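Okay, here's what each chain looks like letter by letter:
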Amino acid sequence: MNNDVLLKLSKFAFVSSVIGVCTIGICPAFAVIGLAIDIVFKQKKVELSHECRVKMRAARILAVAALIMFVIDIVVAFILFGR
């Protein structure tokens, strides 16, 4: 595959994961995008450059953090507004 395309996808995954963290987990779709790109790269066994690997690792960490924040948001909302 073209390395330019892989770099753009890894940057997109990173930015999506950052947005997921910036929204404090309210919208988990951004985190899922970051994780999905990483999962597809691993399933296809794509050879990534060092820069792409660094971005994908950061995207994976941020995406997991955003998903954890989403769960915390749900728990807090349930506690505050639950019956």
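Throughout what follows, the structure given in this document is the object of discussion. On a predicted model such as this, the values are computed, not experimentally measured, just so you know.

1. A closer look at the side chain of aspartate 38
So, step 1. The residue aspartate 38 is located in helix H2 (residues 29–43) in this model.
So, step 2. Judged by relative accessible area, which is 7%, aspartate 38 ranks as buried.
So, step 3. A distance of 2.7 Å separates polar atoms of two side chains, one belonging to aspartate 38 and the other to arginine 60.

2. Brief notes about the packing of aromatic side chains
So, step 1. Within the structure shown, the criterion is met by 0 aromatic pairs.
So, step 2. Cation over ring: lysine 55 sits above phenylalanine 14, and NZ or CZ is 4.9 Å from the ring centre.

Conventions we followed
Residues numbered from 1 in each chain as written. Predicted model: local features only at pLDDT ≥ 70, side-chain atom pairs only at ≥ 80, totals over all residues. Heavy atoms only, no water. Helix = DSSP H or I, 4+ residues; strand = E, 2+ residues; numbered from the N terminus. Buried < 20%, exposed > 50% of the residue type's maximum accessible area, 1.4 Å probe, protein only. Polar contact = N/O pair within 3.5 Å; in protein donor to acceptor, adjacent residues only side chain to side chain. Phe/Tyr/Trp six-rings, centres within 6.5 Å; stacked < 30°, edge-to-face > 60°. Lys NZ or Arg CZ within 6 Å of the ring centre and 35° of its normal.

Treat this as a map of the structure, not an account of what it does.
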